[in-house]
Amino acid sequence: MKVTHTPLIPTEAAKAAGRPCFTPELLAASGARYSRNNSGIEEIYSKIDFNNLDKSVDGIFKMVDYGHQSIADMTPVAMFMDEMSLYLAYHLWSMCAVVGGQESSTRYIKISVDGVVDPDILGIPKEHQADWRQFIANSFVAYNDAVNFWENLSRENPSMMRIPESVINDTTDKGVKVLERMRRNYVFDRARYFLPLGAATNVMMVMPAREWVKLINDLLSSSIREFNMLGEALRVELDLCAPRLLRHAIATDSTIAVVQDEFEWARKNADFVWSRYEEPGKPYLKVFPPNDCGDFIGCDDKDYPIALQHRTNRYSRFGSSIRRTGVRFGWNAVAMAEIRDLNRHRTGEKFCPLIPLGFYAALDQLPEGIGDNTISDLATWGANRTTEARNMLANDSNHSYMYYTLLGSEFPFEHLTTANHFLYEAELRTGVGAHYRYAKHLKDVLQLWYQLYPDTKRYIFEGSAEPE
C-alpha cells in the first residue's frame, strides 16, 4: 500500500498575473480572516510574513480546537492511494460525502491474480491464509473463465453487444480499435462478478482536510488491519500539508463504539435479513413531499412537472419543489459490483448492511438457447462462496469475512437523498455508456416514480444505457 499527497502548483498564467499562492493551511487561514475584516484578499495577502508562515497559520488554526472546524473545510488536500483492496475502496466511497476522485475500473481493466493484497495486510488469520489463498486462486480461475466465455460469445453473436452496425462493419484501424474497446467493456462488465474483494485497486481522492481527518478517524477506529494501515499512511501524508490537524486525526472511543455497534447489528440481524431474501434486485421507493412546511407553501403533484419543465439535460437546474422533496430508495439485494458504483453518489446517506445474501453472475444476459453451462456452474460456485461468507459473519470478530466475498455477492442497499439528486442519478446511470446492471436497477426505481408522478415522465432524461 502506498499513499502520495500531491500538492498543487500555480499555473504560469497565474504567476504572470501576480495571483497569490498559498499552502493548504495558509489558504484556509487567509479565508478564515474574511470573518474578521472586509478589506479583501490583497490586504490579507500583504500582511503575510512568508519568512514565518507558522505565525500566519497558527493564530487561526488554534481555533479548530475550539469548535471552528469549518476552517479545515478550506484546506484542500489530494491523495493518491495505491494497492488497496476492492473492499477498502468501497468503504472509502461510503464514508466520503464531499469527495471528488476516481478508482481503477473493473469495467475497463482486466484484473490479474498478481494484483491481490497480501493476507497479512488484510488481517486474515495465519491459520486461515492457505484456505484464503485457494479461494483467491479459484476466484481468478472463475473470472478468467467468464472473460473467455463472454469474449467468445460476443464474437459468435456480435448483435448481443448492441454495438451499432456502422461500428461493427468499420474496418479502418480506428474502427477496429473502437469495436475492440466496446467489446472489452461488454466482456468485463459481465465477467467482473467473480473478482474477489481482496483484489487490489488504486484510488485518487481530493477533499477538504476536515474530511480527511474524519476518514482517518474512521479507519483508525476500525478492527480491520488494512483500514488501520491506510489511516496511518494518510496521517504521514497529511503531516506534509496540514500538520496542525494531525491531533484530530486519531482513533476515538466514540467512533470505535459506533463501528462495533454497526458490526454487531449486522451479525445479529443476518438470519432475519436472509429470511427476507427473495426477488433479488427488487426496488422500493419512498417519497416525502414538502406538504407540511409550517408557514411556507407546500406542494402537490402538479408542482413537480413545473419544477422539471425547463430542463434541457441532466445537469439542468431543478425547481424548488423537487429539491425540497425527500426520497428514500433502494433494493433488497444488489451485487457489490453495482453497490460500488451506486455508492459514489455523494449526496445524502447510504445504508449497506454487510450481510452477504445471494450471488449475481449475469445469467440474465444469456439469450435463450445460446451458451453452455460455464456461467451457470460458475454462478453456483459463487453462490456457495457467498453462503460461506455469511456463515463466517457469525464467528468473525474483525470483519475479515468480507474478504471472502466477490463482486457478485449481493447485499441490501439504500440511499436517502432529495428528489433532484435521485433523478439526476437515475438519468446518469441509465445514460450512454452506463453499466447495464445498474441501469436496470435505476430504471426499475424510475418506474416506481412514474407510477406516483406520471406527468413528470416526459421531463426526465431516462437513457437506454447504449454502449459508448
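The structure under discussion appears in the preceding block.
I will try to describe carefully the structure that is included in this document. Just so we're clear, the structure is a prediction, and the values are computed from it rather than from any experiment.

Rules behind the numbers
- Residues numbered from 1 in each chain as written.
- Predicted model: local features only at pLDDT ≥ 70, side-chain atom pairs only at ≥ 80, totals over all residues.
- Heavy atoms only, no water.
- Pairing = 2+ DSSP bridges.
- Helix = DSSP H or I, 4+ residues; strand = E, 2+ residues; numbered from the N terminus.
- Axes fitted to C-alpha atoms, helices over the stretch in contact; angles between N-to-C directions.
- Contact = heavy atoms within 4.5 Å.
- Parallel < 35°, antiparallel > 145°, perpendicular 65-115°, else oblique.
- Left-handed = near helix turned anticlockwise from the far one by under 90°.
- Nonpolar A, V, L, I, M, F, W, Y, C, P; charged D, E, K, R; others polar.
- Buried < 20%, exposed > 50% of the residue type's maximum accessible area, 1.4 Å probe, protein only.
- Expected span 1.5 Å × (residues − 1).
- 1 Å grid on protein atoms, 1.4 Å probe; cavity = no way out; pocket = protein on both sides within 12 Å on 5 of 7 lines; lining within 4 Å.
- Points joined across faces, edges and corners; volume = space filled by probe spheres on them.

**A closer look at the sheet that holds strand 6 (residues 326-335)**
Strand pairing within a sheet occurs via backbone hydrogen bonds; the two strands may be parallel or antiparallel.
Okay, so step 1: Taken in spatial order, the four strands line up as 5-6-8-7 in an open sheet, and their pairing is antiparallel. In the strand order of this sheet, the two ends are held by strand 5 (283-288) and strand 7 (349-351), each with one partner. For this sheet, the mean inter-axis angle between neighbouring strands, taken without regard to orientation, is 15°.
Okay, so step 2: Here three bridges tie strand 7 to strand 8 (residues 410-418), and the two strands are oriented antiparallel to one another. Residue pairing across strands places phenylalanine 351 opposite glutamate 414, the latter belonging to strand 8.
Okay, so step 3: Along the sheet, helix 18 (residues 436-452) contacts strand 5 and strand 6; its crossing angle with strand 5, the most-contacted strand, is approximately 45°.

**Some details on the packing of helix 5 (residues 86-95) against helix 11 (residues 225-241)**
Okay, so step 1: As a packed pair, helix 5 and helix 11 sit with axes 10 Å apart at the nearest point and diverge in direction by 60°. In terms of orientation, helix 5 lies oblique with respect to helix 11. For the element pair helix 5 and helix 11, the recorded crossing hand is right-handed. Within the contact between the two elements, helix 5 uses Tyr87, Leu88, His91 and Leu92 and helix 11 uses Glu226, Phe227 and Leu230.
Okay, so step 2: Residue classes in the contact of helix 5 with helix 11 are distributed as five nonpolar, one polar and one charged.

**Quick look at the pairing of strand 6**
Okay, so step 1: The buried count for strand 6 comes to eight of 10 residues, which makes it a mostly enclosed element.
Okay, so step 2: Both strand 5 and strand 6 contribute to a ladder of six bridges, which runs antiparallel. Each residue of the ladder has a partner; that of proline 283, found in strand 6, is tryptophan 331.
Okay, so step 3: Bridging between strand 6 and strand 8 involves eight bridges; their strand directions are antiparallel. In the sheet register, tryptophan 331 faces strand 8, and the bridge partner there is phenylalanine 413.

**Details of helix 10 (residues 209-220)**
Given 3.6 residues per turn, any residue in an α-helix points the same way as the ones three and four places further on.
Okay, so step 1: End to end, helix 10 covers 16 Å across 12 residues, agreeing with the expected 16 Å (1.5 Å per residue, within 8%).
Okay, so step 2: Buried residues dominate helix 10, accounting for 10 of its 12 residues.
Okay, so step 3: The elements touched by buried residues of helix 10 are strand 2 (76-85), helix 5, strand 4 (200-208), helix 11 and helix 12 (253-275).

**Side note on the environment of glycine 408**
Okay, so step 1: Examined against the element boundaries, glycine 408 turns out to sit in the loop between helix 16 (374-393) and strand 8.
Okay, so step 2: Between the C-alpha atoms of glycine 408 and phenylalanine 359, which are 49 residues apart in sequence, the distance is 5.3 Å.
Okay, so step 3: Residue contacts for glycine 408: discarding those within four places in its chain leaves Tyr193, Ala335, Gly358, Phe359 and Tyr360.

**Observations concerning the sheet that holds strand 1 (residues 2-5)**
Okay, so step 1: Judged by pairing direction, the sheet is antiparallel, and its four strands sit side by side in the order 1-2-4-3 without closing on themselves. In this open sheet, the two strands that pair with only one neighbour each are strand 1 and strand 3 (100-103). Averaged over all neighbouring strand pairs, the angle between strand axes comes to 10°, with direction disregarded.
Okay, so step 2: Across the sheet, helix 10 lies against strand 2 and strand 4, angled at about 135° from strand 4, the strand it touches most.
Okay, so step 3: Its contacts with the sheet put helix 11 on strand 1 and strand 2, and the angle it makes with strand 2 is roughly 150°.

**Focus on the layout of surface pockets**
Okay, so step 1: Its boundaries defined by the atoms lining it, the largest pocket holds a volume of some 1000 Å³.
Okay, so step 2: In this structure, the largest pocket is lined by 35 residues; those nearest its centre are His91, Ser94, Met95, Asp218 and Glu262.
Okay, so step 3: Elements supplying a minimum of two residues to the lining of the largest pocket: helix 5, helix 10, helix 12 and strand 7.
Okay, so step 4: The greatest single-element share of the lining of the largest pocket, amounting to seven residues, is contributed by helix 12.

**Comments concerning the packing of helix 7 (residues 129-156) against helix 16**
The geometry of a pair of packed helices is captured by two quantities: the angle between their axes and the separation between those axes.
Okay, so step 1: The N-to-C vectors of helix 7 and helix 16 enclose an angle of 150°; their axes lie 10 Å apart at closest approach. With respect to their mutual orientation, helix 7 and helix 16 come out roughly antiparallel. Crossing of helix 7 over helix 16 shows left-handed handedness. Contacts between helix 7 and helix 16 involve Phe135, Asn138, Ser139, Ala142, Asp145, Ala146, Phe149 and Trp150 on the former and, on the latter, Thr374, Ile375, Leu378, Trp381 and Arg385.
Okay, so step 2: In terms of residue class, the contact of helix 7 with helix 16 is built from eight nonpolar, three polar and two charged.

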